Amino acid sequence: MQKILIIEDELNIAELERDYLEVNGFESDIATTGEKGLELARMNTYNLILLDLMLPGIDGFELYKRLRQVLDIPILMVTARKEDIDMIRGFDRGADDYIIKPFNPNELVARVKAHISRYDRLIQREQIQNTLQIGSILIQSDSRRVFVNDEEKMFTAKEFDLLKFLVENPNIAFTKEHLMERIWGYDSLGDVNTVTVHIRKIREKIEKDPSNPQFIETIWGVGYRFMKKDRFQ
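Just so you know, the residues in each chain are numbered from 1, in the order the chain's sequence is written. The model is predicted, so local features are restricted to residues of pLDDT at least 70 and side-chain atom pairs to those at 80 or more, both for listing and for counting; the totals for chains, interfaces and linings are taken over all residues. Here the side-chain values reflect all heavy atoms present in the structure, with hydrogen atoms and water set aside.

Participant: Would you mind going over the overall build of the protein in detail, with residue names and values included?
Facilitator: The secondary structure listing takes helices from DSSP runs of H or I that are at least 4 residues long and strands from runs of E that are at least 2 residues long, numbered from the N terminus. A tally of helices and strands in the protein yields eight helices and twelve strands. Within the protein, contacts between residues separated by at least 24 positions form 53% of all contacts whose residues are at least 6 apart in sequence. The method behind every accessible area is Shrake-Rupley, applied with a 1.4 Å probe, and residues are considered shielded solely by the protein chains displayed. Here the protein displays about 13000 Å² of accessible surface, and carbon together with sulfur accounts for 46% of that area. The contact criterion used throughout is that any non-hydrogen atoms of two residues lie within 4.5 Å.

So, in structure tokens, the structure goes:
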């Protein structure tokens, strides 16, 4: 269940927001001070925060800055003062949205749903962009993990970098010298046969038959090429 943090010092308003959100399938926590809101935000996982600007102690703008240091989830600011709108619009880090009291609870719920949906799409797109799928091979760039037929294979740092580079540049023949420079660095003094050794180890991990590779092809007299992705889709 998706969870909302409501930071609102007027308990009757906070409970109204919670009730409407829960009717629409959300779980909610309430904090009536900025300090408590910051504590809950650090301790729990939320999909969105409803942040009232007029809070005792830490005001909403200062609290927003502190929340943004630890969270990237949507934050919907709630204000009773129209003059706050210009401040929100010009806020240096930019709130996701704002709503003015008194508000229609159904509009509030609609805004919450819209922002969570948009955030989820962005996260999914980022995950897709950071994942490479080629046939039975799945490469997770951020976590630097490789799976073959859903089984994780252990790669050294250079093996991972070499495989990822070849996968990202399919159907291009690279010389051993080029791969050496690209993966080990232009100032590397290593033997280019290091590339051959790493290719052999990678093949042992990703190929069904390393002696008859389907993915990493040897181009005699040149170097290596990762075969076209569409041959494995």
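Participant: Explain the sheet that holds strand S6 (residues 131-134) residue by residue, including any values.
Facilitator: A pair of strands is considered paired only if DSSP assigns at least 2 bridges between the two. Pairing is antiparallel in the open sheet, where four strands are placed in the order S6-S7-S8-S9. Either end of the sheet is taken by a strand with one partner, and the two such strands are S6 and strand S9 (151-153). With strand direction ignored, the average angle separating the axes of adjacent strands in the sheet is 25°. The pairing of S6 with strand S7 (residues 137-140) spans four bridges and is antiparallel. Its bridge partner lying in S7, Leu132 is registered against Ile139. As a rule, the C-alpha atoms of each element are fitted with a line to give its axis, helices using only the stretch in contact, and angles between N-to-C directions run from 0 to 180 degrees.

Participant: Which residues make up the packing of aromatic side chains, and what are the values?
Facilitator: When the centres of two rings from Phe, Tyr and Trp lie within 6.5 Å, Trp using its six-membered ring, the rings pair. Their planes under 30 degrees apart give stacked, over 60 give edge-to-face, and anything left gives tilted. Scanning the entire structure with this criterion turns up two aromatic pairs. With a centroid separation of 4.9 Å and an interplanar angle of 55°, the aromatic rings of Phe165 and Phe174 are classed as tilted. For the pair Phe165 and Phe174, one class covers both residues: buried. Between Phe215 and Phe226, the aromatic rings sit 6.0 Å apart at their centres with planes inclined by 25°, giving stacked as the arrangement. To sort residues, take the accessible area from a 1.4 Å probe on protein chains only and compare it with the maximum for the residue type: under 20% means buried, over 50% means exposed, and anything in between is partly exposed.

Participant: Describe in detail the pairing of strand S2 (residues 27-31), supporting the description with residues and values.
Facilitator: Both strand S1 (residues 3-7) and S2 contribute to a ladder of five bridges, which runs parallel. Bridge pairing in S2 links Ile6 to Ile30.

Participant: Can you explain the sheet that holds strand S3 (residues 48-52)? Please cite residues and give values.
Facilitator: Paired through backbone hydrogen bonds, the strands of a sheet run either parallel or antiparallel to each other. Pairing in this open sheet of five strands is parallel, and the strands run S2-S1-S3-S4-S5 from one edge to the other. What marks the edges here is a single partner per strand, and that holds for S2 and strand S5 (97-100). Strand-to-strand twist across the sheet, computed as the mean angle between neighbouring axes with direction ignored, equals 20°. The pairing of strand S4 (residues 75-79) with S5 spans four bridges and is classified as parallel. What sits directly across from Val78, in S5, is Ile99. Across the sheet, helix H1 (residues 11-23) touches S1, S2, S3 and S4, and the angle it forms with S2 is around 170°. With respect to the sheet, helix H3 (residues 60-68) is in contact with S1, S3 and S4, its orientation differing from that of S3 by roughly 155°.

Participant: For H1, give the residues involved together with the corresponding values.
Facilitator: In a regular helix each residue adds 1.5 Å, so 13 residues correspond to 18 Å; H1 covers 18 Å between its end C-alpha atoms and thus fits that length. Among the residues of H1, Ile13, Ala14, Glu17 and Leu21 are the ones counted as buried. Relative to the axis of H1, the buried residues are bounded by an arc of 100° and lie together on one face. In H1, the exposed positions angled more than 90 degrees off the buried face are occupied by Asn12 and Val23. A positive phi of about 95° marks Gly25, the residue just after H1. By definition here, a helix of n residues has an expected span of 1.5 Å times n minus one. The directions considered for the arc are those from the helix axis to the C-beta atoms.

Participant: An account of the nonpolar core is requested, with residue identities and associated values reported.
Facilitator: Residues Ile139, Leu163, Leu166, Leu179, Ile206, Ile216 and Phe226 are the most contacted members of the largest nonpolar core, which totals 25 residues. Within the residue set of this core, elements represented by two or more residues are S6, S7, strand S8 (145-148), helix H6 (157-168), helix H7 (176-184), helix H8 (193-206) and strand S12 (223-226). For this core, the element with the most residues is H6, which contributes six residues. The contact partners of Phe226, leaving out residues within four places of it in the chain, are Ile134, Leu163, Leu166, Val167, Pro170, Asn171, Ile172, Phe215 and Ile216. Take the buried residues of types Ala, Val, Leu, Ile, Met, Phe, Trp, Tyr and Cys, join any two whose side-chain atoms come within 4.5 Å, and each joined set is a nonpolar core.

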